[in-house]
Amino acid sequence: MRATGWRISFNLFNYTFLCLLAVLCLLPLVHVLAVSFSANHAASAGIVKLWPVDFTTTSYSYVLGKQEFVRSLLVSVKRVILGTIVNMLMTVLLAYPLSKESATFKSRTVYVWILVITILFSGGLIPYYMVIKSVGLLDSIWALVLPGAVPVFNVVLLLNFFRGLPKELEEAAFIDGAGYFRTLAKIILPLSMPSLATILLLTVVTHWNSWFDGLILMNSPEHYPLQSYLQTIIIQKDFSELTDLNAEALRDISDRTVKAAQIFMGALPILVVYPFLQKYFMKGIVLGSVKE
């Protein structure tokens, strides 16, 4: 009975702590959302907390009408699509052979150590920039995609998941005449959906949230992805573009409300996608991390 009481107390503490932690994580986002829907005078006075004051959608109308925002949004969407395809393809094609035993793939250990070294050591920012410039990728969408084509963490996660699958399934496929690629496509990948969903989510979030590479690899602001564009507007204080708006719009929006609207719209796609992949994310992380 005493052990049961301790267990209940422990669970109650955990649930309370995690709920408070979740609230603390949500409060900044809720505040940004409230500011984005508030009028100019309320946001400027700092009286907006967790609920909009003098509700208005003028900031969102202004943001969606900005050519720079829409253009950077399209660049980010293009980057996510291309980057996800390249990352998933390279991850699967690399993780599958590395999941074999050394008796089957004799050079497996060598390639695994090469991957591990890339995690521990880096050439640095200047060599990274010079390599991309020398191969002609600078100021192109491929400069944001190809340098990170092989995410090593995702490869390790997936190969561990592959190693945990029953080897008898693969052996049965070979007996029936299937090759490695057909076995991978018809048997291994359908059984690996939780791990693949986890890697897909990590890949999408990484590409969508990346901003630094856009700043250093894009010579023209027209080629900035959304997060790089948002970073530039947050640190810039010039808001002269508002002078082109009419007096009513100037009354309802300000530098702060427009930035809040852009920040929330930048986070919205991930907030929409994440809940649908959450269960696969948790299952895939657990299953992919405990295998030998």
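See the structure above.
Bear in mind that the values here come from a model prediction, so they are computed numbers and not experimental data. (Residues numbered from 1 in each chain as written. Predicted model: local features only at pLDDT ≥ 70, side-chain atom pairs only at ≥ 80, totals over all residues. Heavy atoms only, no water.)

Asks: Can you break down the packing of helix H5 (residues 108-120) against helix H7 (residues 152-164) residue by residue, with the values?
Replies: Packing of H5 against H7 brings their axes to within 10 Å, and their N-to-C directions diverge by 145°. In this structure, H5 contributes Arg-108, Leu-115, Thr-118 and Ile-119 to the contact, and H7 contributes Val-152, Val-155, Leu-159 and Arg-163. When the residues that make up the contact of H5 with H7 are grouped by side-chain class, the tally is 5 nonpolar, 1 polar and 2 charged. (Axes fitted to C-alpha atoms, helices over the stretch in contact; angles between N-to-C directions. Helix = DSSP H or I, 4+ residues; strand = E, 2+ residues; numbered from the N terminus. Contact = heavy atoms within 4.5 Å. Nonpolar A, V, L, I, M, F, W, Y, C, P; charged D, E, K, R; others polar.)

Asks: Mind laying out the pattern of salt bridges, listing which residues take part and the relevant values?
Replies: Following the criterion strictly, the structure yields 4 salt bridges and no others. Residue Arg-79 pairs with Asp-213 through a salt bridge whose shortest N-O separation is 2.6 Å. In this pair, Arg-79 sits in helix H4 (residues 67-98) while Asp-213 sits in helix H11 (residues 212-217), placing the two residues 134 residues apart along the sequence. Exposure class is identical for Arg-79 and Asp-213. Each is buried. For the salt bridge of Arg-163 with Glu-101, the shortest nitrogen-to-oxygen distance reads 3.6 Å. Placement of the pair is Arg-163 in helix H7 and Glu-101 in the loop between H4 and H5, with a sequence separation of 62 residues. On the accessibility criterion, Glu-101 (36% relative accessible area) is partly exposed. (Salt bridge = Lys/Arg side-chain N within 4 Å of Asp/Glu carboxyl O. Buried < 20%, exposed > 50% of the residue type's maximum accessible area, 1.4 Å probe, protein only.)

Asks: So, the packing of aromatic side chains: which residues are in play, and what are the values?
Replies: For the structure shown, the criterion picks out 9 aromatic pairs. Ring geometry for Phe-69 versus Tyr-229: centroids 6.4 Å apart, planes at 65°, classification edge-to-face. You can see Phe-69 sitting in helix H4 and its partner Tyr-229 sitting in helix H12 (residues 226-235), a full 160 residues away along the chain. In this structure Phe-69 comes out as buried when scored by relative accessible area, which is 1%. Owing to a relative accessible area of 9%, Tyr-229 belongs among the buried residues under this scheme. Ring centres 6.4 Å apart and planes at 65° place the aromatic pair Tyr-96 and Tyr-180 in the edge-to-face group. Placement of Tyr-96 in helix H4 and of Tyr-180 in helix H9 (residues 180-191) is noted, with a sequence separation of 84 residues between them. For Tyr-180, a relative accessible area of 47% corresponds to the partly exposed category. (Phe/Tyr/Trp six-rings, centres within 6.5 Å; stacked < 30°, edge-to-face > 60°.)

Asks: Tell me about the packing of H4 against helix H10 (residues 193-209), and name the residues and values.
Replies: Orientation of H4 relative to H10, taken along the N-to-C sense of each, is 145°, at an axis distance of 9 Å. Helix-helix and strand crossings are classified by hand; for H4 and H10 the assignment is right-handed. Here H4 contributes Leu-73, Ser-76, Val-77, Arg-79, Val-80, Gly-83, Thr-84, Asn-87, Met-88, Thr-91 and Val-92 to the contact with H10, which in turn contributes Leu-196, Ile-199, Leu-200, Thr-203, Val-204, His-207 and Trp-208. For the contact of H4 with H10, the class distribution of residues is 10 nonpolar, 7 polar and 1 charged. (Left-handed = near helix turned anticlockwise from the far one by under 90°.)

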